[in-house]
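# Structure assessment
Each chain is listed here by its residues.
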Amino acid sequence: MSETNKLAATVRTEFGKGAARRVRREGLVPAVLYGHGTEPQHFTVNSRDFATILRKDGTNAVLNLQIDGEEQLALTKQVVVHPLRNYIEHADLLVIKKGEKVAVSVAVIVEGDSAPGTQLAQDLNEVEIEAEALHIPENIVVSVDGLELGSQITAGDLKVPAGVTVLTDPEALIVNITEIAAAETESDADGTEAAAEGEGEAPAAEAAE
């Protein structure tokens, strides 16, 4: 976590779109740090180092920022990525302290296969949780292995690590196991019947000739 996610930060003195473009060309990411009643701090971090941390810890990565010789823990709050070129354009970071709890959104990952003849409908792809800042789970895993038709999993059913609280409404539907659409089955059957009829017609046409 943050003990290994050390990231050097250089205070910014120039602002605006032109200045932001210049720092990006230098391989840096403009970022702002705020929270705990402090004045927002503007700085840059190395884009490659920052991206490596995000790949390892996910979008809720905790950073150990090195700002002018001082250390500051920060939670990655928002990362803006260029839609076409896929580079980090900007980052918002939140001041955190060891031992405090923070509210974040984490992904819900579904694993396994439901019972034969059924299909999975996932209503929520992420939920909001509260966790100690240095122990935020990267995701929450839900198993649907063998679940029968009509089975449902709500936010209140999620199994989370000790110290983690799910803030999403406990009744919110996460997963619903439904029947495979009958229309798909009928379509397949019609196709099979049509093929069978076609096979029967060919010899008759040949005989007529």
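Below: a short report on this structure.

Further remarks concern the pairing of strand 9 (residues 126–132). Taken together, the seven bridges between strand 7 (residues 101–111) and strand 9 define a ladder with antiparallel strand orientation. The residue of strand 9 that forms the bridge with Ala107 is Glu126.

This part takes up helix 1 (residues 17–25). For helix 1, the set of buried residues is Ala19, Ala20 and Val23. Along the axis of helix 1, the buried residues cluster in a sector spanning 100°; they form a single face. Away from its buried face, by an angle of more than 90 degrees, helix 1 presents the exposed residues Lys17 and Arg25. Check the buried side of helix 1 and you find it contacts strand 2 (28–35) and strand 3 (38–46). Once helix 1 finishes, Gly27 follows within two positions and takes phi at roughly 80°, a positive value.

Within the secondary structure layout, Thr44 lies in strand 3. Overall, the relative accessible area of 6% leaves Thr44 in the buried class.

This paragraph deals with the sheet that holds strand 3. On the basis of which strands lie adjacent, the closed barrel formed by six strands has the order 1-3-2-6-5-4 and mixed pairing. In this sheet, neighbouring strand axes are inclined to one another by 45° on average, regardless of whether the strands run parallel or antiparallel. The sheet contact formed by strand 1 (residues 6–11) and strand 3 spans three bridges and is antiparallel. Bridging from a neighbouring strand, Ala9 pairs with Val45 of strand 3. Contacting strand 2, strand 3 and strand 6 (88–95), helix 1 runs over the sheet at an angle of about 120° to strand 2. Where helix 2 (residues 47–57) meets the sheet, its contacts fall on strand 1, strand 2, strand 3, strand 4 (62–67), strand 5 (70–81) and strand 6, and the angle it forms with strand 3 comes to roughly 100°.

Turning our attention to the pairing of strand 2. Summarising burial for strand 2: six of the eight residues are buried, a large majority. Inspection of the sheet shows strand 2 paired to strand 3 by seven bridges, in the antiparallel sense. What sits directly across from Ala31, in strand 3, is Phe43. Pairing between strand 2 and strand 6: four bridges, direction parallel. Bridge assignment links Tyr34 to a residue of strand 6, and that residue is Leu94.

Read across the open sheet, the three strands follow the order 8-13-11; overall the sheet is antiparallel. Of all the strands in the sheet, just strand 8 (118–122) and strand 11 (152–154) have a single pairing partner and so form its edges. The mean angle between the axes of side-by-side strands here comes to 15°, regardless of whether they run parallel or antiparallel. In this structure, strand 8 lies alongside strand 13 (residues 173–179), joined through five bridges in antiparallel fashion. Along strand 13, the bridge assignment pairs Gln122 with Val175.

Each value, and the rule that gives it
Residues numbered from 1 in each chain as written. Predicted model: local features only at pLDDT ≥ 70, side-chain atom pairs only at ≥ 80, totals over all residues. Heavy atoms only, no water. Pairing = 2+ DSSP bridges. Helix = DSSP H or I, 4+ residues; strand = E, 2+ residues; numbered from the N terminus. Buried < 20%, exposed > 50% of the residue type's maximum accessible area, 1.4 Å probe, protein only. Arc of directions from axis to C-beta. Contact = heavy atoms within 4.5 Å. Axes fitted to C-alpha atoms, helices over the stretch in contact; angles between N-to-C directions.

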